[in-house]
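# A structural walkthrough
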Amino acid sequence: MDKLLIEGGTPLAGEIAISGAKNAALPLLCAALLTREPVTFTNVPALNDIATMLKLLAQMGVKVERNPAGAAKVGAGETVVLDAADLDNPVAPYELVKTMRAAVLVLGPLVARCGEARVSLPGGCAIGARPVDQHIKGLTAMGAEIAVEQGYVHAKSPRLKGARLFTDMVTVTGTENLMMAACLAEGETVIENAAREPEVVDLANCLVAMGARISGAGTDVIRIRGVERLHGTTHRIMPDRIETGTYLCAAAATGGDVRLTHTSGSYLDAVIDKLMDAGCEIALERDAIRLKAPARLIATSIRTAPYPAFPTDMQAQFMALNCVAHGTAVIRETIFENRFRHAVELIRLGADIKIDGNTAFVTGVPQLSGATVMATDLRASASLVIAGLAAKGETLVDRIYHLDRGYEQMEAKLAALGARVRRVK
């Protein structure tokens, strides 16, 4: 099992390119199930979750081409062409779904296109309950007959019907699944309390380019007028705002000065505001962000909430940053229970953290010390890497297969910024 060995204490400096967004790419790849025509995606990140999704689509009968000859590539990222003309196996087996919760995103498109789907209940990171009941509730309201049996969601519908849907909670994957399903439904579907994340907007933009009739993406009410069929298109995946925020936090924690390209600050208002509160100087360009850290960071409290508030996927990275800041920060996690598992590992590096339910109190220390730590989920992995970069001595991060699910070539990008980091067996 691979590990990451970090020799800390070096400020990050230089320039790197940000990859395409994992959380945008996964639903976009599923959108190709809605049409018989080829769909081309550019700026696709080379990640384990992407490979798993492509394997899942291929076993359904989708033809998958990665970086085909003559494919146009703009900047970093792969080109992937999906052709679902011969889609003949609307099943998502447990073996492929167990490591990746996003696999549930095939449910809506499969029911809409094939009239039937059998999808294993999902797995993913151990950060608490992430139920699919809102997906099931929405599809049922659209006329699908659904049974949950032997660990699978089995859905049937000759053709879905438009409906007014209200989700009990803001759910990104639920919004995406129901929006895709509604594209081929009969009549109009209205999704209320919809997720507003940029990744939802990116998916909607692609679907519209495929012939869907969608309005309101980016607000809490999305309207979809169903059409008979969708066609192929070419779509460039948006930059990864969480990867962007992670490298900004790494630069801040190490006292660095970095410029990140192929990205945008427009998706990161809440994160950038907090980094500036921490004392960082930030300059926003049209497709780049530069951060210069102060001599020592100022402790900065955060509270996670749905977009456009502070993202839960940046909570762990900010905890690591606050470990070396001056003062005490209060971190409140409101999205997932059990998402402070990285705190115990940060304490092994010398951090001063106290947990009370969904609240963490982090008092900065002058210097962290290297140690062996274990990653428990994707973003926890990133927080341990950040802390290791800021610590004195060697830090060994174990179980980095979590990291490989969401960060493309992290050790290479960090090395390009001057970090002393390498992958070891």
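Below is a summary of the structure that appears in this document. (Residues numbered from 1 in each chain as written. Predicted model: local features only at pLDDT ≥ 70, side-chain atom pairs only at ≥ 80, totals over all residues. Heavy atoms only, no water.)

### With respect to the sheet that holds strand 2 (residues 13–17)
Taken in spatial order, the four strands line up as 2-15-17-16 in an open sheet, and their pairing is mixed. At either margin of the open sheet sits one strand with a lone partner, and together these are strand 2 and strand 16 (281–284). The mean inter-strand angle of the sheet, taken between neighbouring strand axes irrespective of direction, is 15°. The sheet contact formed by strand 16 and strand 17 (residues 288–292) spans four bridges and is antiparallel. Bridging across to strand 17, alanine 283 finds its partner in arginine 290. Of the strands in this sheet, strand 2, strand 15 (257–261) and strand 17 touch helix 8 (residues 241–253), which is tilted by about 20° from strand 17. (Pairing = 2+ DSSP bridges. Helix = DSSP H or I, 4+ residues; strand = E, 2+ residues; numbered from the N terminus. Axes fitted to C-alpha atoms, helices over the stretch in contact; angles between N-to-C directions. Contact = heavy atoms within 4.5 Å.)

### Some words on the environment of isoleucine 347
Here isoleucine 347 is to be found in helix 11 (residues 341–348). Exposure remark for isoleucine 347: the relative accessible area of 40% places this residue in the partly exposed category. Between the C-alpha atom of isoleucine 347 and that of leucine 368, which follows or precedes it by 21 residues, the distance is 9.2 Å. (Buried < 20%, exposed > 50% of the residue type's maximum accessible area, 1.4 Å probe, protein only.)

### Quick look at the side chain of threonine 312
Following the sequence through the fold, threonine 312 ends up in the loop between strand 18 (302–303) and helix 10 (315–322). A relative accessible area of 12% means that threonine 312 is categorised as buried. Within the structure, threonine 312 has its side chain in polar contact with the side chain of arginine 339 (distance 2.8 Å). Ignoring anything within four residues of it in the chain, the contact list for threonine 312 reads Thr304, Glu333, Ile335, Phe336 and Arg339. (Polar contact = N/O pair within 3.5 Å; in protein donor to acceptor, adjacent residues only side chain to side chain.)

### A few points about the sheet that holds strand 20 (residues 352–356)
Spatially, the four strands line up as an open sheet ordered 18-19-21-20, and their pairing is mixed. In this open sheet, the two strands that pair with only one neighbour each are strand 18 and strand 20. Pairing between strand 20 and strand 21 (residues 359–363): five bridges, direction antiparallel. Across the sheet, residue isoleucine 353 finds its bridge partner in strand 21, namely valine 362.

### Thoughts on the pattern of salt bridges
In the structure shown here, the tally under the stated rule is 21 salt bridges. In this structure, the salt-bridge partner of lysine 22 is aspartate 49, at a minimum N-O distance of 3.4 Å. In this pair, lysine 22 is assigned in helix 1 (residues 22–31) and aspartate 49 in helix 2 (residues 48–59), connecting sequence segments 27 residues apart. Pair check on accessibility: lysine 22 and aspartate 49 agree, each one buried. Residue arginine 405 pairs with aspartate 49 through a salt bridge whose shortest N-O separation is 3.0 Å. Separated by 356 residues along the polypeptide, arginine 405 in helix 13 (residues 401–406) and aspartate 49 in helix 2 bring together distant segments of the chain. Owing to a relative accessible area of 11%, arginine 405 belongs among the buried residues under this scheme. A relative accessible area of 2% places aspartate 49 in the buried class. (Salt bridge = Lys/Arg side-chain N within 4 Å of Asp/Glu carboxyl O.)

### Focus on the nonpolar core
Among the nonpolar cores identified, the biggest contains 76 residues, and Phe41, Val106, Met179 and Leu207 are the most heavily contacted of them. The contact partners of phenylalanine 41, leaving out residues within four places of it in the chain, are Leu28, Leu29, Ala32, Glu78, Thr79, Val80, Leu82, Cys206, His235 and Ile237. Of all hydrophobic cores here, the second largest spans 70 residues; its members include Tyr247, Leu260, Ala360 and Leu384. (Core = buried A, V, L, I, M, F, W, Y, C linked by side-chain atoms within 4.5 Å.)

### Brief notes about the pairing of strand 15
Taken together, the five bridges between strand 2 and strand 15 define a ladder with parallel strand orientation. The partner of alanine 17 across the bridge, within strand 15, is threonine 261. The pairing of strand 15 with strand 17 spans five bridges and is classified as antiparallel. The residue of strand 17 that forms the bridge with leucine 260 is isoleucine 289.

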